[in-house]
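One-letter residues, chain by chain:
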Amino acid sequence: MGGHGEGVSLEFTPTWVVAGVCTIIVAISLAVERLLHHFGTVLKKKKQKPLFEALQKVKEELMLLGFISLFLTVTQGLISKICVREEVLMHMLPCSKQEAELSKHQNVTTTTTEHFQSLIPIVGTTRRLLAEHAAAEAGYCSLKDKTPLLSLEALHHLHIFIFVLAISHVTFCALTVVFGSTRIYQWKKWEDALADESFDPEAALVKKSVTHVHQHAFIKEHFLGIGKDSVFLGWTQSFFKQFYGSVTKADYVTLRLGFIMTHCKGNPKLNFHKYMMRALEDDFKHVVGISWYLWIFVVIFLLLNVNGWHTYFWIAFIPFILLLAVGTKLEHVISQLAHEVAEKHVAIEGELVVKPSDEHFWFSKPEFVLFLIHFILFQNAFEIAFFFWIWVTYGFDSCIMGQVRYIVPRLVIGVFIQVLCSYSTLPLYAIVSQMGSNYKKAIFEENVQVGLVGWAQKVKNKRASNGNEGSSNAGTTPSPPGAGAGFAGIQLSRLTRNNAGETTQNEITPAHVNNH
């Protein structure tokens, strides 16, 4: 009786059970939704627009997961009734069928799996129910002397894996930004010290004192020493520096001054630390999502996870190598800025000023570094999510889990990546990414950003309107909102194109704003 109860349909289930379970599921779902809504309201009140947009991105991911879940649930019966010849399913298996049969013959038990099923009874119950349905579907295909393409149990496990992967990615991204922000917050004391000194970059350039370039702390750290005359040794020094003192006070002060002198000379009191944090929060919303190319990577991994290939082990080195490469490159950008000054000058009048440029970055695109960080965080979350999914679903002794000598390095690499990315690579990116030719829109306050976008759209529409009318006189270009206050000290280029395609100096456009 009790055994048959596990297979009872909804027709013979008491209404109070159906209503009770439904109430619990809806209550939990609404509670989570209200919690996210409340969190979004708090972020709005605190004017944390980038973090609010990141929260919206998380909601989009959850909605995508809901659609995937619904789609799998609706189509699982149809998929499980797709029958193929048995020999088709004998290639590219995650586990060897001979090993599985041998384990069954020897009655080998996986105590880890049983332990988890005792802690989470629904896991064991679900597997028994799915086994019953799988037997029914196998019977359907056996009548045709064929085998189901994908069993209900396999679909259920795939369903859970996708959910665990998405949650893991969002969680690890959030942890990385939180820990990274904590590290960056330690630099605030340097910003406050400069503010207390009432430091004026303009005055620093014209003051009579002479700075001996090779005696400057920034130059000593990045130009003098073993990496001065050797490109290889220079890269080697950058490689090791990411592990200790990735950003020093001399780095922060010099890069800050270079940014201000390049992009906003008229605003020497710019709170560079505050701007940097806003820019990092703005980038976070791009990192927290799972883009289409990341899903392609998941599919490729699932395809290559073949028994004996140890794909899950070798693939762990991809984010590890990329993270070391990114950290080395960011350190090398700082070294290049130091070399540019040290190779041209022995002594300069005023303070030492570096010149930011996109040329120092891969493909002259600072945003490419963010793309790599996004991939690294996703790949690391994928590795850890895959490990725990296998552990809970199949047990530690499963053939998919592999041997211990392959498992331990994966876990060590995963922890290493998380720590290094949080405390070194992300803070490095936060400051070095500002050393490009353009500044980011985060340099403006939120209300000014909105006004700037609206103004730029009006100018664009007016140009289109004048172009359609064939008018040679475009008229007077509207001034950007808040130009007297919000744009103080920001070096906006005055570029427009006349009918001959030449550049003139009669219109303000935010050409130097990086909207990324």
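A quick note: this is a predicted structure, and the numbers were derived from the prediction, not measured.

## Looking at the overall build of the protein chain
- Within the protein chain one finds 19 helices and eight strands.
- Across the 516 residues in the protein chain, those meeting the buried criterion constitute 41%.
- Taking as baseline every contact in the protein chain between residues at least 6 positions apart, the subset at least 24 positions apart corresponds to 79%.
- Entry remark: accessible area of the protein chain is about 28,200 Å², with carbon and sulfur atoms responsible for 64%.

## Let's talk about helix α13 (residues 272-287)
- Its 16 residues give α13 an end-to-end C-alpha distance of 22 Å, which sits within 8% of 22 Å, the value for a rise of 1.5 Å per residue.
- Counted residue by residue, α13 has 14 buried out of 16 residues, so it is predominantly covered.

## Quick word on empty space enclosed by the protein
- Under the definition given, this model contains three cavities of 30 Å³ or more.
- Put simply, the largest cavity is a space of about 80 Å³.
- Every residue lining the largest cavity is listed: Thr-176, Val-177, Leu-280, Asp-283, Phe-284, Val-287, Leu-370, Ile-373, Leu-377, Leu-426 and Tyr-429.
- Elements supplying a minimum of two residues to the lining of the largest cavity: α7 (152-185), α13, α17 (367-394) and α18 (404-432).

## Side note on the pattern of salt bridges
- Applying the stated criterion across every chain yields a total of five salt bridges.
- Residue Asp-192 pairs with Lys-188 through a salt bridge whose shortest N-O separation is 3.3 Å. Residue Asp-192 and its partner Lys-188 are located together in helix α8 (residues 188-196), separated by four residues, close to a single helical turn.
- Relative accessible area serves as the criterion here: at 33%, Asp-192 is assigned to the partly exposed category.
- Looking at Lys-188, the relative accessible area reads 30%, which means it is partly exposed.
- Where Arg-256 meets Glu-191, a salt bridge forms, and the shortest distance between an N and an O atom there is 3.1 Å. Residue Arg-256 is found in helix α12 (residues 249-263), and its partner Glu-191 is found in helix α8; the two are separated by 65 residues along the sequence.
- Judged by its relative accessible area of 3%, Glu-191 is buried.

## Remarks on the side chain of Arg-183
- Note on placement: Arg-183 falls in helix α7.
- Notably, Arg-183 is buried but unbridged: the nearest opposite-charge side chain belongs to Glu-331, and the N-O separation is 8.7 Å.
- Every residue in contact with Arg-183, bar those within four places of it in the chain, is listed here: Val-247, Tyr-423 and Pro-427.

## Concerning the packing of α13 against α17
- Their axes nearest at 10 Å, the elements α13 and α17 cross at an angle of 55°. Looking at the two axes, α13 sits oblique to α17. Classified by chirality, the crossing of α17 by α13 is right-handed. Across the interface between the two elements, Asp-283, His-286 and Val-287 of α13 pack against Leu-370, His-374 and Leu-377 of α17.
- Of the residues assigned to the contact of α13 with α17, the class counts are three nonpolar, two polar and one charged.

## Observations regarding the UniProt feature "transmembrane region" (unreviewed entry) in the protein chain
- Per the UniProt record, "transmembrane region" (unreviewed entry) is found at residues 16-36, 62-79, 158-179, 284-303, 309-327, 368-391 and 411-432.
- Spanning residues 284-303, this segment combines 80% helix with 0% strand, and its end C-alpha atoms are found 30 Å apart.
- Regarding residues 411-432, the helix share stands at 100% and the strand share at 0%, and the terminal C-alpha atoms are separated by 30 Å.

## A look at the packing of aromatic side chains
- Taken as a whole and assessed by the stated rule, the structure comprises 37 aromatic pairs.
- With centroids separated by 6.1 Å and ring planes inclined at 50°, the aromatic side chains of Phe-272 and Tyr-275 adopt a geometry described as tilted. Highlighted residues: Phe-272 and Tyr-275, both in helix α13, separated by three residues, approximately one helical turn. Residue Phe-272 shares its accessibility class with Tyr-275, and that shared class is buried.
- Between Phe-301 and Phe-382, the aromatic rings sit 4.7 Å apart at their centres with planes inclined by 85°, giving edge-to-face as the arrangement. In this pair, Phe-301 is assigned in helix α14 (residues 292-304) and Phe-382 in helix α17, connecting sequence segments 81 residues apart. Both residues of the pair, Phe-301 and Phe-382, count as buried.

Rules of the game
- Residue positions are counted from 1 within each chain, in the order its sequence is given.
- Whole-chain, interface and lining totals are the exception, using all residues; otherwise, since this is a predicted model, local features are given only for residues with pLDDT of at least 70 and side-chain atom pairs are given and counted only at 80 or more.
- Excluded from the side-chain calculation are hydrogens and water; included are all heavy atoms of the structure.
- A run of DSSP states H or I qualifies as a helix once it reaches four residues; a run of E qualifies as a strand once it reaches two. Both are numbered from the N-terminal end.
- Each residue gets one of three labels from its accessible area relative to the maximum for its type: buried under 20%, exposed over 50%, partly exposed in between, using a 1.4 Å probe on protein chains only.
- The contact criterion used throughout is that any non-hydrogen atoms of two residues lie within 4.5 Å.
- Per-residue and other accessible areas were derived by the Shrake-Rupley procedure at a 1.4 Å probe size, with only the shown protein chains allowed to occlude residues.
- The span one expects for a helix is its residue count, reduced by one, times 1.5 Å.
- Note on definitions: the grid is 1 Å and covers protein atoms alone; a cavity is a set of points where a 1.4 Å probe fits but cannot get out; a pocket is an open set with protein on both sides within 12 Å along at least five of seven lines; lining residues have an atom within 4 Å of a point.
- Grid points are joined across faces, edges and corners, and a volume is the space filled by probe spheres set on the points.
- A carboxyl oxygen of Asp or Glu within 4 Å of a side-chain nitrogen of Lys or Arg is what we treat as a salt bridge.
- Residues scored as positive are Lys and Arg, those scored as negative are Asp and Glu, and His as well as the terminal groups of each chain are ignored.
- Simply put, an axis is a line fit to the C-alpha atoms, just over the touching stretch for a helix, and the angle between two N-to-C directions goes from 0 to 180 degrees.
- In these notes the angle categories are as follows: under 35 degrees is roughly parallel, over 145 is roughly antiparallel, 65 to 115 is roughly perpendicular, and the rest is oblique.
- In this scheme the handedness of a crossing depends on how the near helix is turned from the far one: anticlockwise by less than a right angle means left-handed, clockwise means right-handed.
- In this count, Pro and Cys sit with the nonpolar residues alongside Ala, Val, Leu, Ile, Met, Phe, Trp and Tyr, while Asp, Glu, Lys and Arg are called charged and the others, Gly among them, polar.
- UniProt positions are given in the numbering used here, feature names are shortened, and annotations may be inferred rather than shown by experiment.
- The aromatic pairing rule takes the rings of Phe, Tyr and Trp, using the six-membered ring of Trp, and pairs them if the centres are within 6.5 Å, calling planes under 30 degrees apart stacked, those over 60 edge-to-face and the rest tilted.

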